[in-house]
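In case you want the letters, here they are:
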Amino acid sequence: MTIARRRLLQLAASVAALPLVVSPVRAETYPARPIRLIVPQAAGGASDISARLIGQWLSDRLGQPCLIENRPGAGGNIGTEAVVTAAPDGYTLLLVGSFNTINATLYDKLSFNFIRDIAPVGGVMRNPLVMAVHPSLSARTVPELIAYAKANPGKLNFGSAGNGSPQHMAAELFKMMTGIEMMHVRYRGSAALLTDLVRGEIQLAFDPIFSSLEHVKSGTLRALAVTTATRAPALPDIPALGEVVPGYESVGWVGIGVPRDTPAQIVDKLNAEINAGLADAAIKARLTELGGAPLPGSPDELGRLIAEQTERWGKVIRTAQIRAE
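Residues numbered from 1 in each chain as written. Predicted model: local features only at pLDDT ≥ 70, side-chain atom pairs only at ≥ 80, totals over all residues. Heavy atoms only, no water.

Participant: Explanation requested: the overall build of the chain in the structure shown.
Facilitator: In terms of regular secondary structure, the chain is built from 13 helices and 10 strands. For the chain, the spread of C-alpha atoms along the principal axes amounts to about 105 × 40 × 30 Å. The buried share among the 325 residues of the chain stands at 49%. Long-range pairs, those at least 24 residues apart, make up 75% of the contacts in the chain with a sequence separation of at least 6. Surface summary for the chain: the accessible area is close to 15,200 Å², and the carbon and sulfur share equals 55%. (Helix = DSSP H or I, 4+ residues; strand = E, 2+ residues; numbered from the N terminus. Buried < 20%, exposed > 50% of the residue type's maximum accessible area, 1.4 Å probe, protein only. Contact = heavy atoms within 4.5 Å. Areas by Shrake-Rupley, 256 points an atom, 1.4 Å probe, with all protein chains shown as cover.)

Here it is, written out as structure tokens:
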């Protein structure tokens, strides 16, 4: 075989192999450009920090930047709507959370149906609240608090970050399950609420562990319970409300969602990467510092959590006749 003929056969073999090599280049490989992760809350809170943690992990694993975009307002509805109307191509993600399951009933007129229009990808973090009281309150345990409220109807008050906020819903669920009455004091955000609780202007709040932990440790607030069914790693010596009020659970959580009709292979790829991140020791440690815990699982598992919480908070909202402010 001459050198020229050998070279011709080599070229022919190379041409025959070309479709196998270049076809993945022609068909866009996800992700081929930066991804946006819309956080429908202000920067700086535990949810925002968890979004940035998982966003950085996705950036490193997927080889494209995952850009965090905060779009707070209307209890999370503004950011959610931005993702509902985005192209279902995997390049616009939404930090979903328990606020979405509350808003589904709290708001009479939404331009979207959260369960229908957002496809679940995977959980990120469970973040319990802590039932904290000012030390001037005589009650040192949950049973003592319930007894005090029943003996002094209308004298116990609690603060929240507004109607329908997770703090408000946790307190309303507690009222429903214990039969006590408490006066609701509304604030325009968690910071002002916590300031007044520390000052003793209000007596009680169901506050995120992330923001109240240092006050509990220093003794400026007294923790009576955490709102999970079991104890929280951040406060292992504090009982769970479920130990005292069987069946009680009110847990904040966040996860990732995408517009409906996003291809299943993209959802599965994102889910796999998120779960890998939640298994990483550094991310787990950081979530613990935020007072939370990883929330791994499949898209279906997150979907079931969303459905269950939408039903639960819908019942509380209707029973307590809560309206959006």
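Participant: Sorry, what's going on with the nonpolar core here?
Facilitator: Soluble globular proteins tend to pack their nonpolar side chains together in the buried interior. Counting residues in hydrophobic clusters, the biggest one holds 31 residues, and the most contacted among them are Met-131, Leu-145, Phe-174, Leu-204, Phe-206 and Leu-241. Among the secondary structure elements, those contributing two or more residues to this core are helix 4 (98-106), strand 4 (118-133), helix 6 (142-151), helix 7 (166-178), strand 7 (204-208), strand 8 (222-226) and helix 13 (299-320). The dominant element in this core, judged by the number of residues it contributes, is helix 7, at 5 residues. Residue contacts for Leu-241: discarding those within four places in its chain leaves Met-131, Val-142, Phe-174, Phe-206, Ala-225, Val-226, Thr-227, Thr-228 and Tyr-248. (Core = buried A, V, L, I, M, F, W, Y, C linked by side-chain atoms within 4.5 Å.)

Participant: Got a minute to help me understand the packing of helix 2 (residues 46-62) against helix 12 (residues 281-289) in this structure?
Facilitator: How two helices pack is summed up by the angle between their axes together with the distance between the axes. It is the contact of helix 2 with helix 12, at a shortest axis distance of 10 Å, that shows an interaxial angle of 175 degrees. Here helix 12 runs roughly antiparallel to helix 2, going by the angle between their axes. Where helix 2 abuts helix 12, its residues Ile-49, Ser-50, Leu-53 and Trp-57 lie against Ile-283, Arg-286 and Leu-287. Of the residues in the contact of helix 2 with helix 12, the class split is 5 nonpolar, 1 polar and 1 charged. (Axes fitted to C-alpha atoms, helices over the stretch in contact; angles between N-to-C directions. Parallel < 35°, antiparallel > 145°, perpendicular 65-115°, else oblique. Nonpolar A, V, L, I, M, F, W, Y, C, P; charged D, E, K, R; others polar.)

Participant: How do you make sense of the pattern of salt bridges when you look at a structure like this?
Facilitator: Oppositely charged side chains are able to pair whenever their charged atoms sit close together. Throughout the structure, instances matching the rule amount to 12 salt bridges. With a shortest N-O distance of 3.2 Å, Asp-89 and Arg-33 are connected by a salt bridge. Of this pair, Asp-89 sits in the loop between helix 3 (77-84) and strand 3 (92-97) while Arg-33 sits in the loop between helix 1 (3-26) and strand 1 (35-39); the two residues are 56 residues apart in sequence, bridging distant segments of the chain. Exposure remark for Arg-33: the relative accessible area of 36% places this residue in the partly exposed category. In this structure, Glu-69 engages Arg-36 in a salt bridge whose closest nitrogen and oxygen atoms are separated by 3.3 Å. Taken as a pair, Glu-69 in strand 2 (residues 66-70) and Arg-36 in strand 1 lie far apart in primary sequence, 33 residues in all. Its relative accessible area of 28% is what places Arg-36 among the partly exposed residues. (Salt bridge = Lys/Arg side-chain N within 4 Å of Asp/Glu carboxyl O.)

Participant: Would you mind showing me how to read the packing of aromatic side chains here?
Facilitator: Aromatic ring pairs: the centre-centre distance and the angle between the two ring planes describe each pair. A full pass over the atoms with the stated rule returns 3 aromatic pairs. Ring geometry for Phe-174 against Phe-206: centres 5.9 Å apart, planes inclined by 55 degrees, an arrangement best described as tilted. Here the residue Phe-174 occupies a position in helix 7, and Phe-206 occupies one in strand 7, the gap between them amounting to 32 residues. Given a relative accessible area of 0%, Phe-206 falls into the buried group. Relative to Tyr-248, the ring of Phe-174 has its centre 6.4 Å away and its plane inclined at 85 degrees; by these criteria the two rings are edge-to-face. Here Phe-174 is found in helix 7, whereas its partner Tyr-248 is found in the loop between helix 10 (241-244) and strand 9 (251-259), with 74 residues between them in sequence. Each member of the pair, Phe-174 together with Tyr-248, is buried. The ring of Tyr-91 carries the charged tip of Arg-33 above its face, separated from the ring centre by 3.7 Å. (Phe/Tyr/Trp six-rings, centres within 6.5 Å; stacked < 30°, edge-to-face > 60°. Lys NZ or Arg CZ within 6 Å of the ring centre and 35° of its normal.)

Participant: What exactly am I supposed to notice about the pairing of strand 7 here?
Facilitator: The side chains of a regular strand alternate between the sheet's two faces. Within strand 7, 4 of the 5 residues are buried, leaving the element largely enclosed by the surrounding structure. Two elements, strand 4 and strand 7, share 5 bridges in a ladder whose sense is antiparallel. Within strand 7, the position partnered with Ala-132 by the bridge is Ala-205. Where strand 5 (residues 157-160) and strand 7 come together, 2 bridges link them in parallel fashion. Counterpart to Gly-159 in the pairing with strand 7 is Ala-205. (Pairing = 2+ DSSP bridges.)

Participant: Explanation requested: helix 7 in the structure shown.
Facilitator: Since the α-helix turns once every 3.6 residues, residues separated by three or four places project in the same direction. End to end, helix 7 covers 18 Å across 13 residues, agreeing with the expected 18 Å (1.5 Å per residue, within 8%). When you tally the buried positions in helix 7, you get 10 out of 13 residues, the bulk of the element. Looking only at helix 7, the buried set comprises Gln-167, His-168, Met-169, Ala-170, Ala-171, Glu-172, Leu-173, Phe-174, Lys-175 and Thr-178. Just downstream of helix 7 lies Gly-179, where phi reads positive at about 75 degrees. (Expected span 1.5 Å × (residues − 1).)

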